Amino acid sequence: MGCAPSIHVSQSGVIYCRDSDESNSPHQTTTISQGAATLHGLFVKSDAADSIPAVLAYQSRQPPPCSGPRRREPRAPRCCGIEAETQTSSASLKQASATEVQIGPMRLTQDPVQVLLIFAKEDNQSDGFWWACDRAGYSCNIARTPESALECFLDKHQEIIVIDHRNSRYFDAEDICRSIRATKPSEHTVILAVVPRTSADQEETSVLPLLDAGFDRRFTENSSITACYNELIQIEHGEVRSQFKLRACNAVFTALEHCQEAIEITSEDHVIQYVNPAFEQMMGYHKGELIGKELTELPKSDKNRADLTDTINACIKKGKEWQGVYYARRKSGDSIQQHVKITPVIGQGGKIRHFVSLKRLRCTNENNKQLCKSHRDENYSGDNSQSESHSFKCKNRRKDSTDVKSISSQSSDAPSLQNRRYSSMARIHSMTIEAPITKVINIINAAQENSPITVAEALDRVLEILRTTELYSPQLGAKDEDPHTSDLVGGLMTDGLRRLSGNEYVFSKNMNLSHSHLSVPNTVSDVPPCIAQLLDNEESWDFNIFELEAVTNKRPLVYLGLKVFGRFGVPEFLNCSEATLRAWLQVMEANYHSSNAYHNSTHAADVLHATAFFLGKERVKGSLDHLDEVAALIAATIHDVDHPGRTNSFLCNAGSELAVLYNDTAVLESHHTALAFQLTAKDSKCNIFKNIDRNHYRTLRQAIIDMVLATEMTKHFEHVNKFVNSINKPMASEETSSHSEGTDCECTANMKNFPDNQTLIKRMMIKCADVANPCRPLELCIEWAGRISEEYFAQTDEEKRQGLPVVMPVFDRNTCSIPKSQISFIDYFITDMFDAWDAFAHLPVLMQHLANNYKHWKMLDELKCKSLRLPSENNN
């Protein structure tokens, strides 16, 4: 008897069984069972396609014999989900190598081609393509179902896809093709349909239905490895290589978009096909006003010679380059003098198909000098500078600061610059207030004295920036560049348009609300068993707040608050009874609006849970005092009390009582803190502060107010940048130089010696807790995304009804893409902030959730799905 077979059950529920008795069998055999189906070797014998493993990535197989019937070598497959692992035979690995491709003067390196085979069942045809891939050195995956095919493609972005179109019994090949074509990556993919042979007496079928479905080529059934190999090789050297060259053009367009010279491309008939941002800036037009128009439709300057246009056309139509001085008329009507170079480009049919014009301003007259200065300033602020945070990623929608290197290549007017230098220095030296920013300006001014002209010019620009009030807030680029980001940031980071329409928005206060359907426990030990069981898990980051919301009839804050406050010794610190604490929590929860989709007591409980979780991290715990912890928990509890479900911008635009009261500045955040302290002091039964001394109370109150005000988004980047510069960077520097044990202890001990640093940590902690939804497990993240979207939809509806400015137009319930809004929010606000917080607090679980959730939203966006989930998931 041989050894017993080894059994392995995969995460997907597929059972692998391998007979390990090699002495009785020349080959190892593999049987896979899933449900009622059984697979021998690699493929299922059942006809049920849905019982076949979704995606198979081949392990090494012996190549087939040259003649005679082919014999399959059984090997244990791997079932792969979204991240299907591609494995090739050893022969493939030896053959596969990068290919050098030339496009114009640009030399590219093309990686080995990836192929996705979509066949419901194994047969000679699928084997033929597999071995053809093996011979060509291509990476190859095989998918068995439409779902797994789409997942595998979104993960791998294969260059060639082969779909079995011979039999519609298992899946509809054209539907699969359409679903793949609906994704953005498929733009550069060649899709091949394998169709059945036709008999000699049958009429040849049209390829139009295949082309309409999105296929690029048709391959008539032929299991010969050579035939399959020839087809794949032709595709690689034809369509795949062409698509590869087209994709490389993205690099060229990126260069054009960031080039400081104005560039215009027209057709042979002088129809404008492209202009870059530098051209838009120089001429004062938006590209949408130019592309598609003939040059003759644009206003001309009367300063050119009458025959200049004819002279230029005569030259370039002969295929010759023309360059010289030309006067152009801007949209404003001003004439500007340009250095122009026009180059003809040969295209289809060996004819001139494009004219490329490069234009530079001549800074001679006063008009041009002013425009030159504006042009330089725009270039200074628009390119490649480092943010204050070393961990911040560069985002093209943020407007960065000066790039000194780029300035050295700019032309400048020396006398004018010198005048500006000395006048600016005189202003600085005449100042008598020695504030820190004044000292910085004086140092920069002194550095200008003996600096080269280009450096001095750059420092002048720095001085202009330092004199602005918003030093930390990045500026968005063009609004149409990313409307989701522009609307989201505009709605969250501004206080509205200050346009009072006469329609005052007044929301009701819930100060006297009560809930009688669920009795509140007298003590923590009196909590109902179903709630107590849930709360046993409250220290875990994956704690499900929505389950607590359900079992407490939308009153999670009281129950979670009692548990968390007790765990952190809050009643002992405040010297208050548990009954007083319970009454205070009841009053706070009653003043949250349960009618709000998002800003309700469940959100407050969620922020309280996140704050408690952060306070439990070693470095956070070691950096704060007990008073800080108590302040943080109270701030989290009250941070959105009496929130109306509308943004600050809405309240300012509507001329609400609160906006008037707080002068349109941090309206809601000021109201939350003021009301919370009013409610607390109003009744001795719920006054948790009544037994602490005055000094402790003032310190605690100030810390609570500071943390709640930090949740206001207009100061978001200021708080994050200060945290990075004052906490992350010094800590990283200390850890790098130390390399000894106990470094963390030294760092956190130092934090306690600097109250300002403790303040930055507390601000960052509540900010992260307030917007931690994208870092929650996927199902919780999706639920929160749906709730906040619904609240924004309701605000947009009301703005339209009242005739108010629509603060976030993309949040229209009929057109909004929720995945796009989540991607923008994560890109602009979440990633950098949580990178900085993770570097301090060490939060690997949160960062993994964030990555997974971002991948979920990106997948939906690539599939052009605007909802929270795929339609198939919603049906389930």
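This report concerns the structure included in the present document.

Rules of the game
Residues numbered from 1 in each chain as written. Predicted model: local features only at pLDDT ≥ 70, side-chain atom pairs only at ≥ 80, totals over all residues. Heavy atoms only, no water. Helix = DSSP H or I, 4+ residues; strand = E, 2+ residues; numbered from the N terminus. Contact = heavy atoms within 4.5 Å. Pairing = 2+ DSSP bridges. Axes fitted to C-alpha atoms, helices over the stretch in contact; angles between N-to-C directions. Expected span 1.5 Å × (residues − 1). Buried < 20%, exposed > 50% of the residue type's maximum accessible area, 1.4 Å probe, protein only. Phe/Tyr/Trp six-rings, centres within 6.5 Å; stacked < 30°, edge-to-face > 60°. Salt bridge = Lys/Arg side-chain N within 4 Å of Asp/Glu carboxyl O.

Within the fold, Met765 resides in helix α30 (residues 755–770). A sequence separation of 69 residues divides Met765 from Phe834, and the C-alpha atoms of the two residues are 10.0 Å apart. Each residue touching Met765, except ones within four places of it in the same chain, is listed here: Thr611, Phe614, Leu615, Val620, Leu624, Ala632, Met707 and Trp837.

Turning our attention to unusual backbone geometry. In this structure, Asp642 takes a positive phi of about 60° despite not being glycine. Here Lys864, not a glycine, exhibits a phi torsion of approximately 60°, which is positive.

Take the sheet that holds strand β18 (residues 335–346) next. One open sheet accounts for five strands, arranged β16-β15-β19-β18-β17; its pairing is antiparallel. In this open sheet, the two edge strands, each paired with only one partner strand, are β16 (272–275) and β17 (322–329). For this sheet, the mean angle separating the axes of adjacent strands, direction not counted, is 30°. As paired strands, strand β15 (residues 262–267) and β16 are joined by three bridges and run antiparallel to one another. Across the sheet, Thr266 pairs through a bridge with Ile272, a residue of β16. Across the sheet, helix α9 (residues 308–316) touches β17, β18 and β19 (352–361), and the angle it forms with β17 is around 140°.

For helix α33 (residues 844–862), built from 19 residues, the straight-helix expectation of 27 Å at 1.5 Å per residue is met to within 8% by its first-to-last C-alpha distance of 27 Å. By the burial criterion, the buried members of α33 are Leu846, Met847, His849, Leu850, Asn853, His856, Trp857, Leu860 and Asp861. Positive phi appears at Lys864, one or two residues downstream of α33, with a value of about 60°.

Under the criterion given, the structure shown has 22 aromatic pairs. Between the aromatic rings of Phe723 and Phe840, the centroid separation amounts to 5.8 Å while the plane-to-plane angle is 85°, which identifies the pairing as edge-to-face. With Phe723 in helix α28 (residues 716–738) and Phe840 in helix α32 (residues 818–841), the pair connects residues that are 117 residues apart, well separated along the chain. The two residues Phe723 and Phe840 agree in class, both being buried. Between the aromatic rings of Phe825 and Phe829, the centroid separation amounts to 5.5 Å while the plane-to-plane angle is 45°, which identifies the pairing as tilted. Here Phe825 pairs with Phe829, and both are found in helix α32, just four residues apart, close to one helical turn. Phe829 shares its class with Phe825; the two are buried. Here a set of aromatic residues connected by ring pairs shows up, and it is made of Trp541, Phe613, Phe614, Phe723, Trp837 and Phe840.

This structure, assessed with the given rule, holds 32 salt bridges. Among the ionic pairs, Asp175 bridges to Arg178, the shortest N-O distance being 3.3 Å. Residue Asp175 and its partner Arg178 are located together in helix α4 (residues 173–181), separated by three residues, close to a single helical turn. When its relative accessible area of 42% is taken as the criterion, Asp175 is described as partly exposed. One salt bridge in this structure joins Lys621 and Glu618, with 3.7 Å as the shortest N-O distance. You can see Lys621 and its partner Glu618 sitting in helix α22 (residues 618–623), three residues apart, about one turn around the helix. By relative accessible area, which is 38% here, Lys621 ends up partly exposed. A relative accessible area of 61% means that Glu618 is categorised as exposed.

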